[in-house]
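Coordinates in review
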Amino acid sequence: QAKNEGRNCFKYFSEELTRAARERIGTEFRLRQAIEKNEFRLFYQPQLCVGTGDIVGAEALIRWQTSGELIPPLKFIPIAEETGLITGIGNWVLNEACRQGKAWLDAGLPPIRIAVNLSPHQFLHNDICAIVANTLAETGFPAEYLELELTESALMKREKEAIDILNRLHDLGIHLAIDDFGTGYSSLAYLKSFPLDVLKIDKSFIDDIPMQSDDMEITATIIAMAKTLRMQVIAEGVETPAQMAFLSSRNCDFYQGYFASKPLPADEFESFLKQHRPLPVS
Ligand code: C2E
Ligand code: MG
Ligand code: MG
Ligand code: MG
């Protein structure tokens with residue numbers, strides 16, 4: 001009896017696995033054609049000054065518009081990363097963000113910085129410096145307005161190489177940010193040796209402020225540490241007035257989150273930008 005149940009159980013799991021595997025292969029197949037079919041979109045989430053509410057920048061976030069659905073990045077970026085498709089997708093994102101940024105500048109909108117996420121594969125397995133330099137040249141978007149976001153895992157995989165790439169990117173005049181800070185393994189010593197301009201505190205530390213006093217202490221410590229390292233610091237996933245009050249009391253520079261706005265399609269972001277005072281890019 002027990003043996004039979006075990007077998008049914010196995011059958012059940014293997015059917016589940018097959019379903020998951022089939023779904024994944026289907027996604028990969030459709031992902032391969034998504035660029036040609038022009039199915040990717042960039043949304044833009046405003047980044048604001050905690051103290052004044054001035055707008056300082058926007059993070060570009062990819063969406064996949066396919067068969068009537070708007071698919072979020074966590075459903076396809078990991079697959080793209082594993083299959084190497086991220087190279088083509090990442091290049092599209094970089095080009096589209098720079099093209100849009102230049103179009104906004106040409107339209108006379110206030111200059112703000114646009115942040116683009118780079119995956120570890122993109123960062124380590126391509127000549128990312130040449131790709132970025134070419135994209136800036138082709139689109140005419142000024143380097144000073146581009147920011148690249150890297151995760152701790154991208155930086156920690158091969159630290160020596162990473163430092164070298166970051167230095168070359170910095171020499172182009174672009175801004176560099178560490179994303180999801182606090183969720184990876186980077187040590188303070190490493191952080192010090194990377195030429196980073198911006199530290200983004202991961203949403204998971206912000207979520208339970210003010211209920212969790214340890215999250216408040218960790219956040220305050222990260223802010224203080226960023227200042228010691230002369231980095232700008234931005235809190236991610238800010239949703240409530242209480243979180244804002246706390247960040248303000250600890251002199252956090254910037255924030256991003258639903259409290260100000262969700263990520264917006266380009267035209268809606270443009271309206272948002274027109275309704276806010278811009279902080280000059282520095
Ligand atoms: P991320 O870079 O940490 O981006 C922040 C994510 O938090 C975004 O999710 C954003 O919509 C979400 N978020 C911002 N504020 C709030 C808030 O107040 N509440 C809540 N609940 N969520 C908030 P999204 O757009 O789904 O992106 C998820 C992740 O996918 C990104 O995390 C990033 O790691 C990755 N990603 C997005 N676009 C790209 C891309 O173009 N290239 C690469 N390589 N990765 C990307
Ligand atoms: Mg990011
Ligand atoms: Mg993040
Ligand atoms: Mg994240």
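Our subject is the structure listed above.
Residues numbered from 1 in each chain as written. Chains lettered and ligands numbered in written order. Predicted model: local features only at pLDDT ≥ 70, side-chain atom pairs only at ≥ 80, totals over all residues. Heavy atoms only, no water.

1. A few points about the site of ligand 1
Condition: Residues are classed as near a molecule or strand on a simple rule: at least one heavy atom within 4 Å of it. As used in this structure description, the phrase polar contact means that two N or O atoms lie within 3.5 Å; if the pair is within protein, one of them must be able to donate a hydrogen and the other to accept it, and residues adjacent in sequence are counted only when both atoms belong to side chains. Helix and strand assignments come from DSSP, with helices taken as H or I runs of at least 4 residues and strands as E runs of at least 2, each series counted from the N terminus. Polar here means any residue outside two lists: the nonpolar Ala, Val, Leu, Ile, Met, Phe, Trp, Tyr, Cys and Pro, and the charged Asp, Glu, Lys and Arg; Gly therefore counts as polar.
The environment of ligand 1 is made up of 21 residues, and the closest members are Arg63, Asn117, Asp179, Glu239 and Tyr258. Residue isoleucine 62 places a main-chain N or O atom 3.2 Å away from a nitrogen atom belonging to ligand 1. Aspartate 179 is positioned such that a nitrogen or oxygen atom in its side chain is 2.9 Å from an oxygen atom of ligand 1. Taken together, the elements giving at least two residues each to the shell around ligand 1 come down to β2 (55–66) and β6 (175–181). A total of four residues in the shell around ligand 1 trace back to one element, the largest contributor, which is β2. The residue inventory of the shell around ligand 1, partitioned by class, reads eight nonpolar, five polar and eight charged.

2. Structural notes on the nonpolar core
Note the following rule: Put simply, buried Ala, Val, Leu, Ile, Met, Phe, Trp, Tyr and Cys residues joined by side-chain atoms within 4.5 Å make one nonpolar core. Summary of the burial criterion: residues with accessible area below 20% of their type's maximum are buried, those above 50% are exposed, and those between are partly exposed, where the area comes from a 1.4 Å probe applied to protein chains only. Here a residue-residue contact requires only that any non-hydrogen atoms of the pair lie within 4.5 Å.
Formed by 80 residues in total, the largest nonpolar core has its most connected members in Phe123, Leu146, Leu148 and Leu199. No other element matches the eight residues that helix α3 (residues 86–106) contributes to this core. Ignoring anything within four residues of it in the chain, the contact list for leucine 148 reads Leu94, Val116, Leu118, Val132, Leu169, Ile174, His175, Leu176 and Ala177. Within the second largest apolar cluster, six residues are counted, among which are Cys49, Val198, Ile234 and Phe254.

3. Overview of the coordination of the magnesium ion (ligand 2)
Convention followed: Only N, O and S atoms count as donors, using a 2.8 Å limit from the metal and a wider 3.2 Å limit for Na, K and Ca, and since water is excluded some coordination spheres may look unfilled.
Protein-derived coordination of the magnesium ion (ligand 2) comes from Glu59 (OE), Asn117 (OD1), Glu149 (OE) and Asp179 (OD), at a distance range of 2.0 to 2.2 Å. Separating the magnesium ion (ligand 2) from the magnesium ion (ligand 3) is a distance of 3.9 Å, and aspartate 179 supplies a donor atom to each of them. In this pair, asparagine 117 is assigned in strand β4 (residues 113–117) and aspartate 179 in strand β6, connecting sequence segments 62 residues apart. Classification of asparagine 117 by relative accessible area gives partly exposed; the value is 28%.

4. Quick word on the side chain of arginine 63
The line we're drawing: Note on charges: Lys and Arg go in the positive column, Asp and Glu in the negative column, and His and the chain ends are not counted at all. Basic side-chain nitrogens of Lys or Arg form a salt bridge, by our definition, when they fall within 4 Å of a carboxyl oxygen of Asp or Glu.
Residue position: arginine 63 is located in strand β2. Buried charge without a partner: arginine 63 forms no salt bridge, and the closest opposite charge is glutamate 59, 8.7 Å away. Setting aside chain neighbours within four positions, we find arginine 63 in contact with Glu39, Phe40, Arg41, Phe43, Leu70, Ile71, Pro73, Phe76 and Pro263.

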